[in-house]
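Survey of secondary and tertiary structure
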Amino acid sequence: ALYNTGPSGCTVFITGASRGIGKAIALKAAKDGANIVIAAKTAQAHPKLPGTIYTAAEEIKAAGGKALPCIVDVRDEEQISSAVEKAVEKFGGIDILVNNASAISLTNTLETPTKKVDLMMNVNTRGTYLTSKACIPYLKKSKVAHILNLSPPLNLNPLWFKQHCAYTIAKYGMSMCVLGMAEEFKGEIAVNALWPRTAIHTAAMDMLGGSGVESQCRKVDIMADAAYCIFKKPKSFTGNFIIDENILKEEGIKNFDVYAITPGHPLLPDFFLDEQPAMVTKKADSYGAVPELKEEKTQPPPKARSGAVEETFRIVKDSLSDDIVKATQAVYQFELSGEDGGTWFLDLKSKGGNIGYGEPSDQADVVMSMSTDDFVKMFSGKLKPTMAFMSGKLKIKGNMALAIKLEKLMNQMNSKL
């Protein structure tokens with residue numbers, strides 16, 4: 001077995017382990033007979049999100065592990081220390097800490113309410129810091145001694161701050177804990193970060209991405225397998241910012257299709273990674289330049305630009321149906337800059353749907369601002385809305401999930417455009 005700290009196995013303390021990636025890591029360790037402390041705040045089932053600390057505990061026991069469910073909101077220092085005490089009392093110590101609990105809001109500075117700013121800072125950065133602090137005295141006594149934060153490599157490309165500054169700061173706070181604590185506890189505790197190369201399909205992703213986003217995601221198993229590889233490493237393996245796919249490649253895994261929800265379907269790249277070749281390129285020649293998305297081929301704009309937007313909307317109008325309206329239930333407004341620009345709307349709420357120039361009669365759920373060129377590219381499938389958004393070509397105000405629903409619709413329409 002991986003955990004060689006005596007017969008009862010190793011004790012793993014995981015925040016936010018009632019669902020998603022946290023639970024997947026718990027189940028993987030449970031198969032090895034590990035003791036899992038489920039430190040999460042869901043004691044009663046959430047109407048939109050499956051799983052509580054108690055249902056997770058049942059699954060962990062079924063997988064072969066021991067479970068201790070503890071109600072922990074990582075914003076509350078007393079709940080953290082009480083869970084740590086219970087864990088030590090029940091299992092005799094703590095060998096591994098996984099800081100997985102996280103809050104996300106992909107909103108820009110003026111659109112992020114203070115309550116959300118506080119939530120992200122307090123759960124992500126402060127929660128990780130305080131949970132680490134509470135576990136470190138026990139981790140120091142362990143042979144295994146690992147802290148793993150689910151946070152990104154520190155990438156200071158302004159691209160990743162531009163659209164969701166508060167979220168980026170809060171996640172990078174977790175990564176800075178890795179930087180500092182790895183050095184502070186060198187030789188005693190291994191401290192590393194793990195981040196996925198692609199979007200991972202969890203309940204949180206469904207809320208962010210709307211239904212249907214899963215085909216662009218990988219399963220939680222890839223993160224669980226990667227975390228397991230890290231736990232097997234010696235304490236000297238520390239201060240690393242690991243990408244799931246890279247560590248698994250090092251372990252000799254070649255077939256990543258097994259991790260895909262829909263094998264062969266294009267995957268959404270995750271935030272904070274610039275590695276997509278030719279996708280996000282820094283201009284090396286001018287210092288501090290804003291990164292740009294490289295277009296596959298820059299085609300000379302057609303002479304008569306007028307009408308490309310109108311033509312696009314006409315084709316969209318032809319492909320509208322009651323089913324699309326029923327499935328979408330949203331009003332989109334487009335603020336287009338450049339030649340042929342102006343305000344357009346796409347009403348996918350009222351019967352049969354409607355499209356037109358000017359503002360919609362009902363208030364828009366989503367307002368998208370971009371250039372007319374990018375708009376045409378987006379609707380013809382040459383520019384992925386997600387990438388346009390991440391690179392700052394597309395600004396979105398309003399309901400993010402509904403914005404992503406539009407992306408799904410575009411995929412269906414692309415064949416016609």
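Conventions adopted
- Residues numbered from 1 in each chain as written.
- Predicted model: local features only at pLDDT ≥ 70, side-chain atom pairs only at ≥ 80, totals over all residues.
- Heavy atoms only, no water.
- Helix = DSSP H or I, 4+ residues; strand = E, 2+ residues; numbered from the N terminus.
- Contact = heavy atoms within 4.5 Å.
- Areas by Shrake-Rupley, 256 points an atom, 1.4 Å probe, with all protein chains shown as cover.
- Buried < 20%, exposed > 50% of the residue type's maximum accessible area, 1.4 Å probe, protein only.
- Pairing = 2+ DSSP bridges.
- Right-handed = clockwise from strand over helix to strand, strands pointing away.
- Axes fitted to C-alpha atoms, helices over the stretch in contact; angles between N-to-C directions.
- Parallel < 35°, antiparallel > 145°, perpendicular 65-115°, else oblique.
- Left-handed = near helix turned anticlockwise from the far one by under 90°.
- Nonpolar A, V, L, I, M, F, W, Y, C, P; charged D, E, K, R; others polar.
- Phe/Tyr/Trp six-rings, centres within 6.5 Å; stacked < 30°, edge-to-face > 60°.
- Lys NZ or Arg CZ within 6 Å of the ring centre and 35° of its normal.
- Polar contact = N/O pair within 3.5 Å; in protein donor to acceptor, adjacent residues only side chain to side chain.
- Expected span 1.5 Å × (residues − 1).
- Bend = angle between axes of the 7 residues up to and from the residue.
- pLDDT = per-residue confidence, 0-100.
- Salt bridge = Lys/Arg side-chain N within 4 Å of Asp/Glu carboxyl O.
- Core = buried A, V, L, I, M, F, W, Y, C linked by side-chain atoms within 4.5 Å.

Attention now goes to the overall build of the protein chain. When its secondary structure is counted, the protein chain shows 14 helices and 14 strands. Put simply, 71% of the contacts in the protein chain that link residues at least 6 apart link residues at least 24 apart. When the accessible surface of the protein chain is summed, it comes to about 19100 Å², and 54% of that surface belongs to carbon and sulfur atoms.

Within helix α1 (residues 20-30), nine of the eleven residues are buried, leaving the element largely enclosed by the surrounding structure. Along α1, the positions that sit buried rather than exposed are Ile 21, Gly 22, Lys 23, Ala 24, Ile 25, Ala 26, Leu 27, Ala 29 and Ala 30. Its buried side turned inward, α1 meets β1 (11-15), β2 (35-40), α2 (53-63), β4 (96-99) and α8 (221-231).

For the rest of this paragraph, the subject is the pairing of strand β5 (residues 146-149). With burial as the criterion, each face of β5 is covered, one bearing His 146 and Leu 148 and the other bearing Ile 147 and Asn 149. Sheet topology places β4 next to β5; four bridges connect them, and they run parallel. Bridging across to β5, Asn 99 finds its partner in Asn 149. Considered for its hand, the β-α-β crossover made up of β4, helix α4 (residues 114-139) and β5 is right-handed.

Read from one edge of the open sheet, seven strands run β3-β2-β1-β4-β5-β6-β7, paired in parallel fashion. Whereas interior strands pair on both sides, the edge strands pair on one side only; in this sheet they are β3 (66-71) and β7 (241-243). Between one strand and the next, the sheet's axes are offset by a mean angle of 20 degrees, whatever the strand orientation. Each of β1, β2 and β4 touches α1; the most contacted strand, β1, lies at about 170 degrees to it. In this fold α8 packs onto β4, β5, β6 (190-195) and β7, with an angle of close to 160 degrees to the strand it touches most, β6.

This brings us to the packing of α1 against α8. The N-to-C vectors of α1 and α8 enclose an angle of 55 degrees; their axes lie 8 Å apart at closest approach. The orientation of α1 relative to α8 falls into the category oblique. The element α1 and its partner α8 pack so that their crossing is right-handed. Here Ile 21, Ala 24, Ile 25 and Lys 28 of α1 lie close against α8, whose contacting residues are Met 223, Ala 224, Asp 225, Ala 227, Tyr 228 and Phe 231. Residues that form the contact of α1 with α8 fall into these classes: eight nonpolar, no polar and two charged.

Take the sheet that holds strand β11 (residues 342-348) next. The strand order across the open sheet built from five strands is β12-β11-β10-β13-β14, with neighbouring strands paired in mixed fashion. The strands lining the two open edges of the sheet, one partner per strand, are β12 (354-357) and β14 (395-398). Averaged over neighbouring strand pairs, the angle between their axes works out to 15 degrees when direction is ignored. Pairing analysis gives four bridges linking strand β13 (residues 366-371) to β14, with the strands arranged antiparallel. Along β14, the bridge assignment pairs Ser 369 with Lys 395. This element, helix α10 (residues 308-318), spans β10 (330-337), β11 and β12 of the sheet and lies at about 5 degrees to β11. Of the strands in this sheet, β10 and β13 touch helix α12 (residues 372-379), which is tilted by about 110 degrees from β13.

For the structure shown, the criterion picks out 15 aromatic pairs. Joined through ring pairs, the aromatic side chains of Trp 160, Phe 161, Tyr 167, Tyr 172, Trp 195, Phe 271 and Phe 272 make up one cluster. The ring of Tyr 228 has Lys 28 sitting right over it, with the charged end atom 4.8 Å from the ring centre. Stacked on the ring of Phe 237, the Lys or Arg Lys 233 has its end atom at 5.1 Å from the ring centre.

Glancing now at the side chain of Glu 245. As for its position among the elements, Glu 245 is in helix α9 (residues 244-250). What makes Glu 245 buried here is its relative accessible area of 8%. Polar side-chain contacts of Glu 245 include one of 3.0 Å to the side chain of Arg 197.

A word on α4. Residue pairs three or four apart in sequence face the same way in an α-helix, which turns once every 3.6 residues. End to end, α4 covers 35 Å across 26 residues, agreeing with the expected 38 Å (1.5 Å per residue, within 8%). Along α4, the sharpest kink reaches roughly 40 degrees, centred on Gly 127. Those residues of α4 that sit buried are Met 120, Val 123, Asn 124, Gly 127, Thr 128, Leu 130, Thr 131, Ser 132, Cys 135, Ile 136 and Leu 139. Check the buried side of α4 and you find it contacts β1, α3 (77-91), β4, β5 and α6 (165-184).

Turning our eyes to something else, we now look at the confidence of the model for the protein chain. Confidence along the protein chain averages 86 in pLDDT terms, with 88% of residues attaining 70 or more. Contacts of residues 4-8 to residues separated by more than four positions or lying in other chains number eight contacts, the stretch itself having pLDDT below 50.

Before going further, it helps to spend a moment on the pattern of salt bridges. Inspection of the entire model under this criterion finds twelve salt bridges. The salt bridge involving Asp 365 is made with Lys 349; its shortest N-O contact spans 3.1 Å. Highlighted residues: Asp 365 in the loop between β12 and β13 and Lys 349 in the loop between β11 and β12, separated in sequence by 16 residues. The exposure class of Asp 365 is partly exposed, given its relative accessible area of 22%.

Below, the discussion takes up the nonpolar core. Counting 44 residues, the largest nonpolar core has Phe 13, Leu 139 and Ile 189 as its most contacted members. At the level of secondary structure, the elements contributing two or more residues to this core comprise β2, β3, α3, α4, α5 (159-162), α6 and β6. The leading source of residues in this core is α6, at eight residues. For Phe 13, the contacting residues outside a window of four places in its chain are Val 37, Ala 39, Ala 83, Val 84, Ala 87, Ile 94, Ile 96, Leu 97, Val 98, Thr 131 and Cys 135. Among the nonpolar cores identified, the runner-up in size contains 41 residues, and Ile 25, Ala 34, Ala 40 and Ile 230 belong to it.

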